[in-house]
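The primary structure of each chain is shown beneath.
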Amino acid sequence: MTNIDHVALTLSPTSITSITGGVGGDESNLSRKSLRRSWNQLPRCQRNLIIMALTAFIFTALLFLPGDQLINLKDIRLKPAAAPFHIRRESTLQNPHHHPSIEKENELPGDISAAVASPMTDESRLIKTKPAEDKLDGGVAYADANFAENVAKLPETVAVGNVNGIIDILNNVEQPIEQNLENTISDTSNLRSELEEAIRQPFKLSQVSIESHLESMDTQLAKAQHFHGATNERQSAVVAAFKHSWAGYKKYAWGHDNLKPVSQTAHEWFGLGLSIVDSLDTMYIMGLEDEFNEARDWVKNSLHFHTNRDVNLFEVTIRVLGGLLSAYHLSGDKMFLVKATELGNRLLPSFLSPSGIPYSDVNLGERSAHSPKWSPDSSTSEVTTIQLEFRDLSRSTNVPIYERVVNVVNEKIHALDKSHGLVPIFINANTGTFRNYATISLGARGDSYYEYLLKQWLQTGRKDNDNLILDYMQAIDGVLTQLMRRTPREHWVYIGELINGHDFKPKMDHLTCYLPGTLLLGHQNGMPDSHLLLAKDLLDTCYQTYLRQPTQLAAEISYFALNDKEENDIYVKSNDAHNLLRPEFIESLYYFYALTGNRSYQDMGWNIFQAFEKHSKVAAGYTSLGNVKNTLNTRMRDLMESFWLSETLKYFYLLFSDNRKEIDLDKWVFNSEGHPLPVYHQ
């Protein structure tokens, strides 16, 4: 814009004559000189205002021109990450080795083959000491590890150059249009205005009631799935455990969040009937029709979200939103989707942060959100473990706002600097940055970030959001090189933590035992053999955390020897000896059985189920324990968390099924609370 006032309307007499010719040109020349004198006599500020007005007019006119006059899709050569989504997607297809926002050196050449994990038939591996020759020095990864930059390109599902097919997919009214997250200012403003509108009217979609909106798309709604109930003694035993738990909850805590089975009272957390909503799909899968219908009626008549009370975005999303969506998809009952949509609208205030990273706490009644009271930061796993549910809500309602806000989170997390693909466990919702020197862990506050990278990729049909799978692969490379260790004598593989981001600590939460199943699921979908090796070794270690306790139940946290001077390779500190009825290891056993067919994993699970029956079962349900190290003094903690009903018993039931595809993992993906959601192939 420098000296722009000296550029306008300056034409030489020769030029004017050549244009107009003859006498007419002279008259025109005089007229133009007069205009020029008048222009120069204007104050500079007025001339600048006129030029700015003309410039604004021209840009406005360009914006309203039809898109095909501005961009030729066949010839576009924009940088993919900067292009609008439909152009970026076409460019990716024309160059399948390129993935948006990833530098060239991180591209994935070659092909990923669909590899099914081979069964582990050597049952002696379950307890035996590891051979010394398998020992790795420090954190050195497996010798045959295939790092992200060396692994094949993602599978191509659309022919290269088939632009029309992609445009048809993107224009399909049954799927929300994914938005490019490097939006212009106007697009960002539009997203915020849509957010505010949804928050303002939580009972509406597209300016009509939720019910009316869903009526208009009736043919696209879910159809009921069919299950046959227990088919063997082990499954029947799990059903009996569920019915015992449910009877105690119904008698002593009906409508409240959790049961306290020892004192036979209720425990309240969010006031949302967590145990009911969390259990819906478990009852449906088990064929408990009477209990399911009873719970359905409570949801319809008594589940309300207008209470003036703070709740945790992550917990309510995975338990309540996920539970409602799963119940909808399995039963085909539209009522569950209506409830889920209202809840989704009431959770949206969390995304009105300055950075787009959601606040952790939201008041469903007031529809306001804020950071946790104990810290300005949110847990990284919490803000990255809501995407499956919000995306499914968009796909189920054909309303893109829910998917758009969580895609913003994905893109922002992807853009942040990481340590070998690993993330700190705290992130600030105001600044959108990780906390400096925070711990790096695959346990509490970090675990499900890695889980949802893979599962989101599977949910979207393994072809969109390529950054998700690239980030996942780079993260597992980081696990192999930075966090994986073996114990000095028995060579058990475990995943430690990096305190302050760099100091290794040989501590592993039971939460981390989700990882073997996730790794195997990834290997089933084309991840390298190093993932399979780590999955098998880590599963064995997790099983040891059960077998080595007198109760045969794992502690919340286990520690591992760093050198030969320590007495035990695996040990538990007194303050960490509690067991909360957690599901993570049972979840991994289920994946190993479902994907390999090896029934030895069923036997491992049966041993653990019997330990729960022996030590956790009480008159009114099942209780968490304070001490797994002493069978005579387990110190019952008097709480039955809703995930016992939602996850632990569900995974036991599926693990013991005669049909390992009772839930087809090619068609369904489990959220972090054990709720199955459908895979979308577009």
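Residues numbered from 1 in each chain as written. Predicted model: local features only at pLDDT ≥ 70, side-chain atom pairs only at ≥ 80, totals over all residues. Heavy atoms only, no water.

Two elements in contact, helix α22 (residues 600-615) and helix α23 (residues 642-655), have axes separated by 9 Å at closest approach and are oriented at 135°. Taken together, the axis directions place α22 and α23 in an arrangement best described as oblique. In this structure, the crossing between α22 and α23 has a hand that is left-handed. Residues Tyr601, Gln602, Gly605, Ile608, Phe609 and Phe612 of α22 form the contact with α23, whose own contacting residues are Trp644, Leu649, Phe652 and Leu655. Here the contact of α22 with α23 is composed, by residue class, of eight nonpolar, two polar and no charged. (Axes fitted to C-alpha atoms, helices over the stretch in contact; angles between N-to-C directions. Helix = DSSP H or I, 4+ residues; strand = E, 2+ residues; numbered from the N terminus. Parallel < 35°, antiparallel > 145°, perpendicular 65-115°, else oblique. Left-handed = near helix turned anticlockwise from the far one by under 90°. Contact = heavy atoms within 4.5 Å. Nonpolar A, V, L, I, M, F, W, Y, C, P; charged D, E, K, R; others polar.)

Our focus in this paragraph is the UniProt feature "active site" (unreviewed entry) in the chain. Residues annotated by UniProt as "active site" (unreviewed entry) correspond here to Glu315, Asp447, Glu556 and Glu584. Taking the annotated residues in turn, Glu315, Asp447, Glu556 and Glu584 line the largest pocket. Note on placement: aspartate 447 falls in helix α17 (residues 447-459). In this view, aspartate 447 contacts Ser381, Ser441, Leu442, Leu511 and Tyr514; residues no more than four positions away in its chain are not counted. Counting through the fold element by element, glutamate 556 comes out in the loop between α20 (529-547) and β15 (557-560). According to the relative accessible area criterion, glutamate 556 is buried, its value standing at 12%. Residues contacting glutamate 556, with those up to four places away along its chain left out, are Asp509, His510, Asp576, His578, Leu580 and Arg582. (UniProt positions renumbered as here; feature names shortened; annotations may be inferred. 1 Å grid on protein atoms, 1.4 Å probe; cavity = no way out; pocket = protein on both sides within 12 Å on 5 of 7 lines; lining within 4 Å. Buried < 20%, exposed > 50% of the residue type's maximum accessible area, 1.4 Å probe, protein only.)

Further remarks concern the packing of aromatic side chains. Taken as a whole and assessed by the stated rule, the structure comprises 29 aromatic pairs. Look at tyrosine 494 and phenylalanine 504: their rings are 6.3 Å apart centre to centre, the planes differ by 50°, and that puts the pair in the tilted class. With tyrosine 494 in strand β11 (residues 493-495) and phenylalanine 504 in strand β13 (residues 503-505), the pair connects residues that are ten residues apart, well separated along the chain. With a centroid separation of 5.3 Å and an interplanar angle of 70°, the aromatic rings of phenylalanine 612 and tryptophan 644 are classed as edge-to-face. One end of the pair, phenylalanine 612, is in helix α22; the other, tryptophan 644, is in helix α23, with 32 residues separating them in the sequence. Neither phenylalanine 612 nor tryptophan 644 differs from the other in exposure class; each is buried. (Phe/Tyr/Trp six-rings, centres within 6.5 Å; stacked < 30°, edge-to-face > 60°.)

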